[in-house]
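# Coordinates in review
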Amino acid sequence: AKGGSVVLMDTKTGEIISLVSFPKFNPNLRPRNLFKSDPSNSPIFNRAVQGIYELGSVFKIFPVALGLETELIKTDTKFNTHNPIRISGRKISDHKYFGPNLTVEDIIIKSSNIGTVRITQKIGSDNLKKFYRDLGLLNSTTLELPEIKGTKPQQPKKWKNLETATASYGHGIAVSPIHLATAYSILVNGGFKINPTILKKTKKNIQIDQIISENTSKEIRLILEKVVTKGTARESHFGGYGVG
């Protein structure tokens, strides 16, 4: 790989336990030609914080979480996945045929674009955009690092039908790995709002804003675990631990 990053976060407090960006560099040596071409290829570019990427299918769990929270869907609700969806002249399809329909749970397990868009159409553009904002995906983070300054997610200028559809499966919207870790932490920690921080947290300074209910959070954890045990992330199923 040309580069990569790892974020290890305490889901209940937002504390950053480890933050890694690759390629690395030795600060004791004078780096040469660090910005010879694209600055994002530089070893002093912090991919975990400054890197803004279209992260794709990891976004699919967000509209599902909102749909479950608002009771517009249940995990066993079925959606038509037989034909591609056409929106504003664009065709949205799956990487393979999954059959005439899939349950909400299987839409995530198999990673269906069509199913995710159908769920999102039920939710609506305004609701999805607000949920993304509640998860911290549309604004700069509060992490106490200087490179945070000027790093802001990219989002659609207008959330019309096509933009909303692609944003539901992680395209046309770009965020950092820190943003993603924060949003996932909220989904699995019982639904409580947290902000990423390198400072030690105590119970006194942890926010108690609840974005989704404990019940929805539990359902999300179970779905994410099934993605690993029988879905698209089976290579992450090492045994001995519950992994999502």
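In case you missed it, the structure is sitting above this.
So, a few notes on the structure that sits alongside this text. Since this is a predicted model, take the numbers as computed values, not measurements.

The next point concerns the environment of Thr11. Among the secondary structure elements, Thr11 is positioned in the loop between strand S1 (4–9) and strand S2 (16–22). Not counting chain neighbours up to four residues away, the residues in contact with Thr11 comprise Ser185, Val188, Asn189 and Ile194.

This brings us to the pattern of salt bridges. Close approach of charged atoms lets side chains of opposite charge pair. Taken as a whole, this structure holds four salt bridges when the rule is applied. Between Glu15 and Lys200 there is a salt bridge; the shortest N-O distance is 3.8 Å. Here the residue Glu15 occupies a position in the loop between S1 and S2, and Lys200 occupies one in the loop between helix H6 (177–188) and helix H7 (214–230), the gap between them amounting to 185 residues. Judged by relative accessible area, which is 67%, Lys200 ranks as exposed. Asp134 is paired through a salt bridge with Lys130; the nearest N and O atoms lie 2.9 Å apart. You can see Asp134 and its partner Lys130 sitting in helix H4 (residues 125–134), four residues apart, about one turn around the helix.

Two elements in contact, H4 and helix H5 (residues 161–168), have axes separated by 10 Å at closest approach and are oriented at 45°. Classified by the angle between their axes, H4 and H5 sit oblique to one another. Crossing geometry of H4 relative to H5 is assigned as left-handed. Every residue of H5 that contacts H4 at Ser125, Leu128 and Tyr132 is listed here: Thr164, Ala167 and Ser168. Class assignment of the residues belonging to the contact of H4 with H5 gives a composition of three nonpolar, three polar and no charged.

This brings us to H4. Residues lying three or four places apart along an α-helix face the same way, a consequence of the helix completing one turn every 3.6 residues. Ser125, Leu128, Phe131 and Tyr132 are the residues of H4 that are buried. Seen from one end, H4 has its buried residues packed into an arc of 130°, which puts them on one side. Those residues of H4 that are buried lie in contact with helix H1 (61–69), helix H3 (113–123), H5 and H6. Following H4 by one or two positions, Gly136 adopts a phi angle in the positive range, close to 85°.

Let us now look at the nonpolar core. In this structure, Phe62, Tyr132 and Leu187 are the most contacted members of the largest nonpolar core, which totals 44 residues. Secondary structure elements with two or more residues in this core: H1, helix H2 (104–110), H3, H4, H6 and H7. The contact partners of Tyr132, leaving out residues within four places of it in the chain, are Phe59, Phe62, Pro63, Leu137, Leu138, Trp159, Ala167, Ser168 and Ile173. In terms of nonpolar packing, the next biggest core, distinct from the first, is built from eight residues, Ile85, Ile87, Ala165 and Tyr169 among them.

This next bit is on the packing of H3 against H5. Running from N to C, H3 and H5 cross one another at 125°; their axes reach a closest spacing of 9 Å. The angle between the axes of H3 and H5 places the two elements in the oblique class. The crossing of H3 and H5 is right-handed. Of H5, the residues touching H3 (which contributes Thr116, Val117 and Thr120) are Thr164, Ala165 and Ser168. When grouped by side-chain class, the residues that make up the contact of H3 with H5 number two nonpolar, four polar and no charged.

Each neighbour pair has its own omega, and for Phe22 with Pro23 the value is 5°, a cis peptide bond. Looking at where Pro23 falls in the secondary structure, it is placed in the loop between S2 and H1. Backbone geometry at Glu71 places phi at a positive 60°, although glycine is not the residue there. You can see Glu71 is positioned in the loop between H1 and strand S3 (78–80). Look at Glu71 and you get exposed, because its relative accessible area is 70%.

Residue placement: Thr151 occurs in the loop between H4 and H5. Judged by its relative accessible area of 8%, Thr151 falls in the buried class. Among the polar contacts listed, one links the side chain of Thr151 to the backbone oxygen of Glu147, at a separation of 3.1 Å. With residues up to four places along the chain from it excluded, the contact list for Thr151 reads Val49, Gln50, Ile52 and Ser140.

Here the focus is the pairing of S2. Of the strand pairs in this sheet, S1 and S2 are connected by six bridges, and their pairing is antiparallel. Each residue of the ladder has a partner; that of Gly4, found in S2, is Phe22. The turn joining S1 and S2, which pair antiparallel and follow one another in sequence, is formed by six residues; a positive phi near 85° is taken by Gly14.

Rules of the game
Residues numbered from 1 in each chain as written. Predicted model: local features only at pLDDT ≥ 70, side-chain atom pairs only at ≥ 80, totals over all residues. Heavy atoms only, no water. Helix = DSSP H or I, 4+ residues; strand = E, 2+ residues; numbered from the N terminus. Contact = heavy atoms within 4.5 Å. Salt bridge = Lys/Arg side-chain N within 4 Å of Asp/Glu carboxyl O. Buried < 20%, exposed > 50% of the residue type's maximum accessible area, 1.4 Å probe, protein only. Axes fitted to C-alpha atoms, helices over the stretch in contact; angles between N-to-C directions. Parallel < 35°, antiparallel > 145°, perpendicular 65-115°, else oblique. Left-handed = near helix turned anticlockwise from the far one by under 90°. Nonpolar A, V, L, I, M, F, W, Y, C, P; charged D, E, K, R; others polar. Arc of directions from axis to C-beta. Core = buried A, V, L, I, M, F, W, Y, C linked by side-chain atoms within 4.5 Å. Polar contact = N/O pair within 3.5 Å; in protein donor to acceptor, adjacent residues only side chain to side chain. Pairing = 2+ DSSP bridges.

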